[in-house]
Structure formats: structure tokens, C-alpha cells
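Spelled out, the chains give:
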Amino acid sequence: MDILTINNLHFGYSGNPLLNDIELTIKAGELVGILGNNGAGKTTLFDLICKIKKPTKGAISNLSRRQAYLTQILTPPPLLRMNEAGKLITSLTPNVSPDHTEILSKLAKWSPSLSKRYAEIAKKKAANCSYGEIRSYFTLTLLLLNSDLIILDEPTAGVDPEFRHYIWLGIKSACAEGASVLIASHYTEEITKNCQRFYMLANKRLEAFDSGGQFMERHHAKSLDEAFINASV
Amino acid sequence: MNPNHCIRSAKKITTITKILTTEHLREPTSLLWSALAPCILFIITQPTHAASTYTASAAWFYSYISATLAFFGFSFYLIGRRESGFTRSFIYQHSAIKLFLTAHTLSYFLLSSLYATLFYLLTKPLRGHYSLPEYLYLMACFYTSYLMFTCIGLGIAALPIKFSTASTLFSLMSFLMLVSGYTGATLGHDASHTLTLINPLFLSAQIFHGEMPLLNSFLTALSASAASTYLTGRYFRIQPIWSRY
């Protein structure tokens, strides 16, 4: 069953079209990527799915009951410790949220060192955390909220390889537990390697691909990045 | 409504209220300027108003505390969270907006009660013994004043203005209220008369002086504040003004 279906979606800013005739589907438990260059409209598409914006035309059928959305900009209140900011965020979601201890034990099952690093960040004040620490902490927290639809806008941007590895581990675990994940990124390799299928958002349209090979073939490229560049022009 | 859902929402509101209150109490400048500075000023200027009653002497101070909390605390926080992008990231769904606004309102109810109580506890001994009826009367006047100022603050928070512009606007409003109050008090009712009459700080002091009926004022302020909060939730600004989105 499709948890999210988008048909013939159109959107623009001040009369300038940004998205034209967008078609997208995602099934329960599916991991779907979205590639696109800066300004292509990935964030706008996510805002439309989350009803932050209204489409000019078209329909979005979002059947999720417990949705989580990680935006690009994450600015927790600087005076709060990260575990307090995390608790604030989880309390604002419609889900029944796990507490800090439950989160730590779940992370420890994935990796004891990840659980330890998460616990260390949790004690720090948000003002003293790096961009990557904040991003990793909130991505992992949102992934553990028992959501049925998780939308992640560039979760691995600015994140070190260790945390990037664990974020993908968390994403796959969430999918294994039945969540559908829609993830935007600039990194062609991580999208093609980890996602079951993906879309390329370019020239106001979404183009669907089943594999990196198909992506390169359709755009007459020898590498994924070359295919990305060719698709964008 | 599902009772489990109600219990879960109540728990979430309690948690959010606790976090927001903790966050505010960790801000030392707020504690200094909103809570301690008025106490110190009242103690320093005590000999000049020793002839009048405690309520009459302290009315402007309580009004100032309520205005500062409503403007620079309650309303400015909404603008701050919006402009930092936090609202955009985490408070965009109707359920989250409801939870956040309820907890935020509760948090500032607690904080305003705490600040007013602190002022009473620190200044009252200069003018006699503590009195529960007097304290309750002052708190009722204080909360009426606070609700009145939240309406103005929410009006400003609804404007499409950046963080720095909002800060200037709140500072300007506080300064104008102070100037109007000062000229009204020193020059009597002449050129500044009209300005004084529309000064919210003056109107607030009138409530403490008993020149405006407390019950009617409270009910009016409560209704206006509830309506303003409802409208804020209904038309909640999610996107930061600086954002290209």
C-alpha cells in the first residue's frame, strides 16, 4: 500500500513555476531517495508533503499518522542541553515517544560506541555542539520516534563518516520496522547505494530511477556525478 | 475525545512547560532586568514614596515587570524561535502548535507569578508585614496587567518582522511608555495628558490604584488575551522572515 502518493503536483513562487507535474509514490517500509541540485525544489517538495505550503495544482495523499520531518536548518534553543532539546522535540510530535533510556538502549543494540557518543552529546549544551553533532543527534532521535513516514532533508550534510554510517543504519532499521523513509541528498553515491529506488529532481520535474546504472545509462554518463550534472542541465 | 490521548497530551504539555521554564530561568540577563532591577530600584527610591501606601508605591513597578515579561519574554520568545528556524523545523503541525502555545502560555504564567512574588517578598518588608489578602490582590492586578500586555506583544509577534526589528520595536514601546509615564507624573495633566491616558503602563497602574474595576479589567484582559492566543495559533507564522521560503 502506498503511504504517500503525489499526482500532477504544481507549485511556484510569485508566478515562477518551481515544480511541474510531479508524480511520486512511496510504499510502507520503502526507502526512497531524492537527488537534486541546490535550489531544485527538494525542500519545497517536502514542505508541500508536510502541508507547510499549498500546491498550486495537483493532489497529495499522505496516509501517515505519525510523521517525522527533519529539516535542513536545525537550531535548538542554545541554553538547553541536547537531551532537553531532544525531549522538547519528541514531546512536540504526535507520536508516543521513547524516553532517553529507551533511546540509548536501542542505539546500543546498533552499536555500543554510538550509544556512548549519543549520550555524551546529550549532556552538552546546544550552544557548545558542532553543526554535525546537532544534525546527527536530531536525525537519530527522529529515527527512533516510531514514525510511519520519515522525511529527511539532507541528514548527512556536514556529518562525519562514523555518524553518517550510523544514520544510514538507523534509516534502514526504521524501514525494517515498517517506516517509509523519503530522503533528500546531494550525494549521488549514498542515495544509489542505500535507497531501494530514487528520483532526480531537475528542471522542475521528478524523474524516477530504479538503480544507479539506469541513472547513468539514461543520462549517458560514466559516473553517478556525471549523470547528476547531465540531468541538472 | 479519547481519554488516553488527553492524558498523553497533558503529559507532553507538562514536559514542554518544564523545559521552557528551565530555559528561561537559565537566562541571567532576564532575571536581572525583569526581576532584580525593579526590586533594587524600589529599595533605593523607598524614602521618596514612603508616605504613600505599598500598593500605590509599587503599582508602576509591578506594571513594569508585567510589561517586560509579556514583551521581552512571552512574545519575543515566539519571534526568536521563529527567526532561528526552530518553529519551521519542529512546530509546523496543528497538534504541535497547540501543544507549544499551551505550554508556552503556562510557562509564562508560572514565570510571571514567580517574578511578581519575588518582588513582593523582597520589597514588602520595607513597608510592613506580609499580608495574604494584599498579596492576592496584587497578584490579581499583576496578572490582569500581564494579560493586557500579552495582547500587544502577540500583535507585534504576528507582524512579518525580523528578530532585530522586533527587538527595536519592543524597546521603543517600553521607552515610550516610560517617557509618557514620567512626563505624566512630573508635568501633571497638560501636554502629555492624551498620551498618558493611552499609555498601557498608566492603565495598568490605574488597576492597582483601584481606579479601574479589577474584576471587569481582569475579564476583559483574559478574553482579549485568549482571543489573541487563539488567533496566534490559527495564523501561526512558521517560516522565518529572512527565509527564501
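Residues numbered from 1 in each chain as written. Chains lettered and ligands numbered in written order. Predicted model: local features only at pLDDT ≥ 70, side-chain atom pairs only at ≥ 80, totals over all residues.

Enquirer: Looking at this structure, how should I read the overall build of chain B?
Expert: Per the secondary structure count, chain B includes 10 helices and 0 strands. In chain B, the succession of α and β elements from N to C terminus is α-α-α-α-α-α-α-α-α-α. In summary, chain B has a C-alpha radius of gyration of 19 Å against a globular reference of 18 Å for 245 residues, a match within 12%. A burial count over chain B gives 37% of its 245 residues as buried. Long-range pairs, those at least 24 residues apart, make up 82% of the contacts in chain B with a sequence separation of at least 6. (Helix = DSSP H or I, 4+ residues; strand = E, 2+ residues; numbered from the N terminus. Rg over C-alpha atoms; globule rule 2.2 N^0.38 Å. Buried ≥ 20, exposed ≤ 12 C-beta atoms within 10 Å, placed from the backbone. Contact = placed C-beta atoms within 7 Å.)

Enquirer: Quick question: what am I supposed to make of the interface of chain B and chain A here?
Expert: You'll often see interface size given as the accessible area lost when the parts meet. Counting residues at the interface gives 23 residues for chain B, matched by 21 residues for chain A. Here the element with the most residues in the side of chain B that touches chain A is helix H1 (residues 3–25) of chain B; it accounts for 7 residues. Here the residues of the side of chain B that touches chain A sort into 11 nonpolar, 6 polar and 6 charged. (Nonpolar A, V, L, I, M, F, W, Y, C, P; charged D, E, K, R; others polar.)

Enquirer: Sorry, what's going on with the sheet that holds strand E8 (residues 197–202) of chain A here?
Expert: Sheet strands pair by backbone hydrogen bonding; their relative direction is either parallel or antiparallel. All names here are of chain A. If you walk across this open sheet you meet the 6 strands as E5-E6-E7-E3-E8-E9, and the pairing is mixed. Each end of this open sheet is capped by a strand with a single partner; those strands are strand E5 (67–70) and strand E9 (205–209). Each strand of the sheet is rotated relative to its neighbour by a mean of 15 degrees, with strand direction disregarded. Relative to E8, strand E3 (residues 31–36) runs parallel, the two being bridged by 5 bridges. Each bridged residue has a counterpart across the sheet, and for Val-32 the counterpart in E8 is Arg-197. Sheet contacts for helix H1 (residues 42–49): E3, E5, strand E6 (149–153), strand E7 (180–185) and E8; angle to E6, the most-contacted strand, approximately 155 degrees. Of the strands in this sheet, E5 and E6 are in contact with helix H5 (residues 131–143), which crosses E5 at around 170 degrees. (Pairing = 2+ DSSP bridges. Axes fitted to C-alpha atoms, helices over the stretch in contact; angles between N-to-C directions.)

Enquirer: How should I be thinking about the packing of helix H2 (residues 82–92) of chain A against H1 of chain B in this particular structure?
Expert: Helix-helix packing is described using two parameters, namely the angle between the two axes and the distance between the axes. Contact pair H2 of chain A / H1 of chain B: the axes reach a minimum separation of 9 Å and the direction vectors enclose 145 degrees. Note on packing geometry: the crossing formed by H2 of chain A with H1 of chain B is left-handed. Across the interface between the two elements, Glu-84, Lys-87, Leu-88 and Ser-91 of chain A from H2 of chain A touch Lys-12, Thr-15, Ile-16, Ile-19 and Thr-22 of chain B from H1 of chain B. (Left-handed = near helix turned anticlockwise from the far one by under 90°.)

Enquirer: For this particular structure, what's the right way to read the nonpolar core?
Expert: If you look at soluble globular proteins, the nonpolar side chains tend to sit buried side by side. Counting residues in each nonpolar core, the largest one holds 83 residues, and the members touching the most others are Ile-150 and Val-181 of chain A. Ile-150 of chain A has contacts with Ala-68, Leu-142, Leu-143, Ala-174, Ala-179 and Val-181 of chain A, leaving out every residue within four places of it along the chain. Residues Tyr-115, Phe-119, Cys-141 and Met-148 of chain B belong to the second largest nonpolar core, which totals 41 residues. (Core = buried A, V, L, I, M, F, W, Y, C linked by C-beta atoms within 7 Å.)

Enquirer: Whenever I open this one, the sheet that holds strand E2 (residues 16–27) of chain A confuses me. Can you help?
Expert: Residues and elements named next belong to chain A. Strand order in the open sheet formed by 3 strands is E2-E1-E4, with antiparallel pairing between adjacent strands. For this open sheet the edge positions go to E2 and strand E4 (57–62), each flanked by a neighbour on one side alone. In this sheet, adjacent strand axes meet at a mean angle of 15 degrees when their direction is disregarded. For strand E1 (residues 2–13) and E4, the ladder comprises 5 bridges, and the chain directions are antiparallel. The partner of Leu-4 across the bridge, within E4, is Asn-62.

Enquirer: Looking at this model, I keep getting lost on the packing of helix H3 (residues 54–84) of chain B against helix H9 (residues 200–209) of chain B. Mind explaining?
Expert: All names here are of chain B. Their axes nearest at 8 Å, the elements H3 and H9 cross at an angle of 135 degrees. One element, H3, and the other, H9, form an angle in the oblique class. The interaxial crossing formed by H3 with H9 has right-handed handedness. Between H3 and H9, the residues in contact are Thr-55, Ala-56, Ala-59, Trp-60, Tyr-62, Ser-63, Tyr-64, Ser-66 and Ala-67 and Leu-201, Ser-204, Ala-205, Phe-208 and His-209, respectively. Taken together, the residues that form the contact of H3 with H9 break down as 9 nonpolar, 5 polar and no charged. (Parallel < 35°, antiparallel > 145°, perpendicular 65-115°, else oblique.)

Enquirer: I would appreciate a short explanation of the confidence of the model for chain B in the present structure.
Expert: Atom-level detail of predicted coordinates should not be read off regions where pLDDT is low. With 93% of its residues at a pLDDT of at least 70, chain B reaches an overall mean of 88. Two numbers describe this predicted complex: its pTM, 0.88, and its ipTM, 0.86. (pLDDT = per-residue confidence, 0-100.)

Enquirer: Hey, could you run me through helix H2 (residues 28–44) of chain B in this one?
Expert: Every α-helical turn comprises 3.6 residues, leaving residues that sit three or four positions apart pointing alike. All names here are of chain B. At Leu-36, H2 is deflected by roughly 40 degrees, the largest bend along its length, and proline Pro-38 occurs up to four residues later in sequence. Listed as buried for H2 are Ser-34, Pro-38 and Phe-42. Looking at the buried positions of H2, the neighbouring elements they touch are H3 and helix H5 (94–123). (Bend = angle between axes of the 7 residues up to and from the residue.)

Enquirer: Just checking my understanding: could you explain the pairing of E1 of chain A for this structure?
Expert: Residues in a regular strand point their side chains to alternate faces of the sheet. Two strands pair when backbone bridges link them, and E1 of chain A and E2 of chain A are joined in this way by 8 bridges, in the antiparallel orientation. From the neighbouring strand, Leu-9 of chain A faces E2 of chain A, where its bridge partner is Ile-22 of chain A.

Enquirer: What is the right way to read the pairing of E5 of chain A from this model?
Expert: Residue and element names in this part refer to chain A. Side chains of E5 alternate between two faces, with Gln-67 and Tyr-69 and Ala-68 and Leu-70 buried alike. Where E5 and E6 come together, 4 bridges link them in parallel fashion. Bridge assignment links Leu-70 to a residue of E6, and that residue is Leu-152.

Enquirer: Looking at this structure, I do not really get unusual backbone geometry. What am I missing?
Expert: Where the residue is not glycine, phi is negative for most of them; where a peptide bond is considered, it is trans in most cases. Residues and elements named next belong to chain A. In the Ramachandran plot, Lys-51 falls in the positive-phi region, its phi being about 65 degrees despite a non-glycine side chain. Turning to its location among the elements, Lys-51 is positioned in the loop between H1 and E4. Residue class for Lys-51 comes out partly exposed when judged on the 14 C-beta atoms lying within 10 Å of it. For His-220, which is not a glycine, the phi torsion comes out positive at approximately 50 degrees. Checked against the element boundaries, His-220 lands in the loop between helix H8 (212–218) and helix H9 (224–232).

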